[in-house]
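# Overview (structure and organization)
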Amino acid sequence: MAVASTKAALSTIANWMSFTDETLEKLKRVESRLLESCDVQYESKYVPVRFKKGDVYTLTVKPREGENPNGEAIVLIPGLGAGVAMFAANFNKCNKNHSVHSFDPLGFGRSSRPKFSDDNAISELEMVEAMEDWRKFMGIEKMYLVGHAFGGYLASAYALEHPSRVAHLVLVDPWGFAEKVDANEKLIKPYAWMSFLGGVAGYFNPFSPMRWMGPYGTPAIVQKLRPDLVIRFPGLRDNDIYKYVYYLNLPNPTGETAFMNMTLPVGWAKRPMIRRFNGIDKNVGVTFIYGSKSWIDPGPAIDIQSTREGAYVDIKIIRGAGTHVYADDPAAFNQIVGDIVEGRLAAPSNDFELEECFHSD
């Protein structure tokens, strides 16, 4: 009897962790509701890339007042475990004279899930070259690359390899910049739930526990842990964002595995961008955007600003925002991005004020 019960339980978990056509339809519906909540009129498609004949899921919003004649476009890259619909509040405000595109990086979201190299430097390059294939297919001459968290790391890695294709880097609470420090050296401490997930991530892929809990437990548990997400990403139904994150991270986690190979315990980059960033061509301007309540350390941005002589480096702090800056205060975020793409670049500044802005809750 016990054996039969165990088999039944294992079978149920296996079914939960499988990504079927039915699951894809559920993901499509919840993604659509998140975008519809902000009245986003969009086109979606899969863009082919060379790496293992993969496809990159792409969402496009056309400009409101005519296409940019220089072949430039805004490209939004979501962070680890996130997806294109999480930029719902940004599409309609950033698309004045530029198309706005967002894609799920290869290995994540609705994009193909190929196996990447076990060598972290090579797997990073595989992702970067998939981005370059995507750019070529889309016919974009230069991109305003806006990357959040791990998306900011990928945007920076792309700029190292293809600087002539980057009009400006906008790095939003970017992951993977800082050198690893001892726990007692940290000035900014993450929330308790982040420390817990970080500990789990040291032994498993970051979203493995969520997959094990299945479609019934995951949304409810995540909603209890992160009740703030429904405020940031309202959707048309109260649990849309929780279902979106669950279904988005259900397929074979090849991107997560590659990410784990890029990290040291717990969550530090093996090849931190602070060591490499000044290798980016100085013609590429960069704007760092942080939330005043974020747990991401802005120290590397300050170091880059002080050492990147002859290059444009700006640091913006959005008051009251956490790590999801683009969703916490979309008006302020969209204004910064709009100023950049419309050429209203102010003299580089540093909004960072440790005592007033950054704290742990």
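As recorded in an unreviewed UniProt entry, the protein goes by the name AB hydrolase-1 domain-containing protein, listed as coming from Caenorhabditis latens.

Attention now moves to the packing of helix α4 (residues 120-138) against helix α5 (residues 150-161). In the contact formed by α4 and α5, the axes pass within 9 Å of each other and the chain directions differ by 75 degrees. Of the possible angle classes, the one that applies to α4 and α5 is roughly perpendicular. Each of Glu124, Leu125, Met127, Val128, Glu129, Met131, Glu132 and Arg135 in α4 lies in contact with α5, whose residues at this interface are Phe150, Tyr153, Leu154, Ala157, Tyr158 and Glu161. Partitioned by chemical class, the residues of the contact of α4 with α5 number nine nonpolar, no polar and five charged.

Now for the sheet that holds strand β2 (residues 55-61). Spatially, the eight strands line up as an open sheet ordered β1-β2-β4-β3-β5-β6-β9-β10, and their pairing is mixed. Among the strands making up the open sheet, the edge pair consists of β1 (43-48) and β10 (313-318). Strand-to-strand twist in this sheet, taken as the mean axis angle between neighbours without regard to direction, amounts to 20 degrees. As judged from the four bridges shared by β2 and strand β4 (residues 100-103), these two strands associate in the antiparallel manner. Paired with Val61 across the bridge in β4 is Val100.

Turning next to the packing of helix α2 (residues 21-36) against helix α9 (residues 240-248). Where α2 contacts α9, the axes come no closer than 9 Å and their chain directions differ by 140 degrees. Regarding the angle of α2 to α9, the classification is oblique. Handedness of the crossing formed by α2 with α9: left-handed. Of the residues in α9, those touching α2 at Thr23, Lys26, Leu27, Val30, Glu31, Arg33 and Leu34 are Asp240, Ile241, Lys243, Tyr244, Tyr247 and Leu248. Of the residues belonging to the contact of α2 with α9, the class tally is seven nonpolar, one polar and five charged.

Rules behind the numbers
Residues numbered from 1 in each chain as written. Predicted model: local features only at pLDDT ≥ 70, side-chain atom pairs only at ≥ 80, totals over all residues. Heavy atoms only, no water. Axes fitted to C-alpha atoms, helices over the stretch in contact; angles between N-to-C directions. Helix = DSSP H or I, 4+ residues; strand = E, 2+ residues; numbered from the N terminus. Parallel < 35°, antiparallel > 145°, perpendicular 65-115°, else oblique. Contact = heavy atoms within 4.5 Å. Nonpolar A, V, L, I, M, F, W, Y, C, P; charged D, E, K, R; others polar. Pairing = 2+ DSSP bridges. Left-handed = near helix turned anticlockwise from the far one by under 90°.

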